[in-house]
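A closer look at the structure
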Amino acid sequence: MSDSLAFPTSHARMGSSSGQPLTRLDGHLKVTGTATYAADNHPQNMAHAVIAVSSIARGRVTSLDVAAAMAHPGVIEVITPANCPPLALDPDQKHGLFGFRFDALQNDRVRYAKQPIAVVVAETLEAATEGARLLAPTYDVEPARMGFDDGEHYDPPAVGIGAPPSFAKGDLAAGHAAATRSVDTTYETPAQYHNAMEPHAMVAEWNGDHLTIDSPNQAIVMSRALFAGYFGIPPENVLLRSPFLGGGFGSKAIMNGPYILTILAARMLQRPVKMVLSRDQMFGPVGHRGATQQHLRLGMDAEGRLTALEHNAVSTTSSFDDFIEPAANASHNIYASPAISTRHGAVRIDTGTPGPMRAPGEASGSAALECAIDEAALACGLDPLEFRLLNYAETDPATGRPFSSKALRECYAEGAKAFGWAGRPLAPRQMQDDEGRLIGWGMGTAMFPCPMFPASARATLRSDGTALVETAGADMGQGAWTALAQIAADGLGLEVERVEFRSGISDLPDAGVAGGSGHTASAGTALHNAGTEAIAKLTEIATADPASPLFGAGNAGVEARNGRLYHRGDETRSESYAEIMARAGMASLEGNGTGTRDPKDAEELAMYSHGAVFAEVKVDPDLCQVLVTRLVGAFAAGHVINPRLARSQLYGGMIWGVSFALHEEAVHDRRSGRPLNADLAGYHIPVHADIPAMQALLVEEDDPYVNVLGVKGVGEIGVTGTVGAIANAIWHATGIRSHRFPIRIEDLIG
Ligand code: MOS
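Residues numbered from 1 in each chain as written. Predicted model: local features only at pLDDT ≥ 70, side-chain atom pairs only at ≥ 80, totals over all residues. Heavy atoms only, no water.

Regarding the overall build of the protein chain
Summing up its helical and strand segments, the protein chain has 16 helices and 28 strands in all. For the protein chain, whose C-alpha radius of gyration is 27 Å, the value lies close to the compact-globule estimate of 27 Å for 750 residues. Projected onto its principal axes, the C-alpha coordinates of the protein chain cover approximately 85 × 75 × 50 Å. Sorting the 750 residues of the protein chain into buried and exposed places 61% on the buried side. (Helix = DSSP H or I, 4+ residues; strand = E, 2+ residues; numbered from the N terminus. Rg over C-alpha atoms; globule rule 2.2 N^0.38 Å. Buried < 20%, exposed > 50% of the residue type's maximum accessible area, 1.4 Å probe, protein only.)

Considerations on the nonpolar core
Counting residues in hydrophobic clusters, the biggest one holds 86 residues, and the most contacted among them are Leu298, Phe387, Val617, Leu631, Leu662, Ile726 and Phe741. Not counting residues up to four positions away in its chain, the partners in contact with isoleucine 726 are Ala615, Val617, Val628, Leu631, Gly657, Val658, Ala661 and Leu662. Grouped together as the second largest cluster of nonpolar side chains are 44 residues, Val221, Leu226, Met255 and Ala472 included. (Core = buried A, V, L, I, M, F, W, Y, C linked by side-chain atoms within 4.5 Å. Contact = heavy atoms within 4.5 Å.)

Some thoughts on the side chain of arginine 388
Tracing the backbone shows arginine 388 in helix H8 (residues 384-390). Classification of arginine 388 as buried rests on a relative accessible area of 0%. Sequence-distant contacts of arginine 388, defined by excluding residues within four places in its chain, comprise Tyr335, Glu370, Ile373, Asp374, Tyr412, Met443, Gly444, Thr445 and Asn728.

Some thoughts on a negative patch on the surface
On the surface, a cluster of negative charge is contributed by Glu410, Glu414, Glu700 and Asp702. By the secondary structure assignment, glutamate 410 is in helix H9 (residues 408-419). (Patch = residues over 30% accessible without salt bridge, like charges linked within 9 Å, V, L, I, M, F, W, Y side chains within 5 Å. Areas by Shrake-Rupley, 256 points an atom, 1.4 Å probe, with all protein chains shown as cover. Salt bridge = Lys/Arg side-chain N within 4 Å of Asp/Glu carboxyl O. Lys, Arg positive; Asp, Glu negative; His and termini not counted. Charge placed at Lys NZ, Arg CZ, Asp CG, Glu CD.)

Digging into helix H3 (residues 125-134)
By the burial criterion, the buried members of H3 are Ala127, Ala128, Gly131 and Ala132. Seen end-on, H3 carries its buried residues on one side only, within an arc spanning 135 degrees. Opposite its buried face, H3 presents the exposed residues Glu126 and Arg133, each directed more than 90 degrees away. Next to the buried residues of H3 lie strand S1 (47-53), helix H2 (66-71), strand S3 (75-79) and strand S5 (116-122). Looking one or two places after H3, you find alanine 136, whose phi comes out positive at around 35 degrees. (Arc of directions from axis to C-beta.)

Quick word on the sheet that holds S1
Spatial ordering of the open sheet is given by S3-S5-S1-S13-S10-S11-S12, a layout of 7 strands whose pairing is mixed. The open sheet has two edge strands, S3 and strand S12 (238-241), and neither has a second partner. Going from strand to strand, the sheet's axes swing by 20 degrees on average, the running direction of each strand aside. Relative to strand S13 (residues 273-276), strand S10 (residues 201-207) runs antiparallel, the two sharing 4 bridges. Across the sheet, the residue bridging to alanine 204 is valine 273, located in S13. Against the sheet, H3 engages S1, S3 and S5, with an angle of about 25 degrees to S1. (Pairing = 2+ DSSP bridges. Axes fitted to C-alpha atoms, helices over the stretch in contact; angles between N-to-C directions.)

A short note on the domain arrangement of the protein chain
Domain assignment breaks the protein chain into domain 1 (4-35 + 453-596), domain 2 (39-142 + 194-282) and domain 3 (401-451 + 598-750). The C-alpha-based centres of domain 1 and domain 2 are spaced at 39 Å. Across the contact, 21 residues belong to domain 1 and 21 residues belong to domain 2. When the buried area of domain 1 at its contact with domain 2 is split by residue, Met476, Ser506 and Val513 rank highest and sum to 37% of it. Put simply, domain 1 and domain 2 have 0 salt bridges between them. Here domain 1 and domain 2 share 5 residue pairs in polar contact (both at pLDDT 80 or more) between them. For the side of domain 1 that touches domain 2, the per-class residue count stands at 11 nonpolar, 5 polar and 5 charged. (Domains from an automatic or database assignment. Buried area = accessible area lost by both parts, 1.4 Å probe. Polar contact = N/O pair within 3.5 Å; in protein donor to acceptor, adjacent residues only side chain to side chain. Nonpolar A, V, L, I, M, F, W, Y, C, P; charged D, E, K, R; others polar.)

Points about the packing of helix H5 (residues 220-231) against helix H6 (residues 257-269)
Following both chains from N to C, one finds H5 and H6 inclined at 55 degrees, their axes separated by 11 Å at the closest point. Overall, the two elements H5 and H6 adopt an arrangement that is oblique. Considering the relative orientation of H5 and H6, their crossing is right-handed. Contacts between H5 and H6 involve Phe227, Tyr230 and Phe231 on the former and, on the latter, Tyr259, Ile260, Ile263, Leu264 and Arg267. When the residues that make up the contact of H5 with H6 are grouped by side-chain class, the tally is 7 nonpolar, no polar and 1 charged. (Parallel < 35°, antiparallel > 145°, perpendicular 65-115°, else oblique. Left-handed = near helix turned anticlockwise from the far one by under 90°.)

Here it is, written out as structure tokens:
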């Protein structure tokens, strides 16, 4: 296994912490229960808010028994559209890059089930809960539009976060005409809800026009500005604390109604207010992954080379906002084809607005694409790996740009070897175990882009030879604190133990969004640059000081390591940071950095992480029950800062892939529009017994362009190859191709 993989410590940019498989620096706090999550805060005189949500999906609230709720002992206030003060920004407009429209009691309209329709604030959680129940809303009900067939179809202006809705390269008709083999296939994916372990929660407290918020958040400084905007105060007046998040997966990067209503309640009452969403309330106002219908048409020549790749996706969205799952874009950058065409459509239904959810677009899109590729290999009589190698893209298929690095070939080879892919029979239903269960092997290509978000950081060397590094990053459990501290330590030439890492609060430099798998790259580059700036200043002081052994060495002639500056030509000439600062009479020395990528490289190169996932399933021939028995993924994601945490992220992504393939599906009642499985009993996610022995191999990849650290990202890619690999393995075991996810027993009954 890759535990023994050596990482290149001789890398010019890398010091001693980077590449080490450290355990999470915050692990001890978490396992001992001393990590403080948002809902663990109990400021003095705090009141409890409970959101009342709609039980219909479309219509109007015609009455709420406010008097009954107010009469309940302990209830302090009931907020409804009748007494809800206006916000400084209109929640029906989009504000900011990740701006979403949301419901914050602006009127009596109901646009989806579980929409907030009132807030009850009480002295206790129990009183607030009972007060919300006593509201007994009545509705003017309009028929809910829930399916692809009964919503309004439209052409979205953009998909994802501002991407074009369609793309075309080459002559598609000519490509199809030139094909001697073809595949014409459709796949459906359901609505999925993020369901982070920690529900959305907030404690909000006002002091005059200053606001303090404890709430899990993936984009701390950006959200601070947005919160301030809705309440008409300057961003500096808001302190947002988010030291620990119990998962986020995208849902904690965007604004939502319950958060705004909690802050509003605290302002109306002039008391701190706590709100924690119940599990079922997470199936409405806090985002989800929209359902998709995807149609793919692939043409191949006699050798099995793609001549045309066409991928059209339709996604569900809400009646009032436009987040469209960019599923078809998954076909842009993996397989070489002279003609590629993608298009997105959308359907408005009575649902909460979907939003980014772990690998938005890539997850659903690659599920369909990788199954279609498996079908194409079969149509050509080729092994699925051979077919992928035949259609390997040496340059980015969509843009023709060279890749900044691409070790996908190595991923295929190492993954196939570890899995034992060679000798796989082409035809399905060829392998069985001793108990007569059908065995199938399938594979999928994994890919995810490497975005960077504007980020900044500060590094302060202290006179005792330690340092403080600061950036408002978010650790959702992925290990950001640890990996970022490792990067910071290397930038400063210090052991990680001598670096105090501060993060997770909005008065620190902006670390950008913990999303898009770009947090380590973005915040990490900023931290690295902050550290090297501090060291450059220290070097200037030392080399200009006749009393220093480094006098006259010049900037280029000094190396920082283990808290000392060394003369490059003569290692016996060195001095500790503390000594240099003491002689200069400095208590501290500060460096600042930003996380950027060379704009020319960003313009001219295609930057992606890649991987290959291999799955084995066993299927009971009578009951059609599917068990994933082996999963091997091999991933190349540039330089890996912490192999233990990177593998943990990849495992998480692969488990998410198992979940997508076999378990997750939000089911809505077609008539009422209500979610029927808004809990973790009915909304299935895998348990331990569903997850096999897994391997996540880290394939070495040196990328001098992606950023100064050579870091790509590992947060989302694990989902992308896995779904298709499992679906393809099920086909290989049974000969049955399911065209919908999740694949269930009833889909496999002959
Ligand atoms: Mo994410 S969906 O990039 O948090």
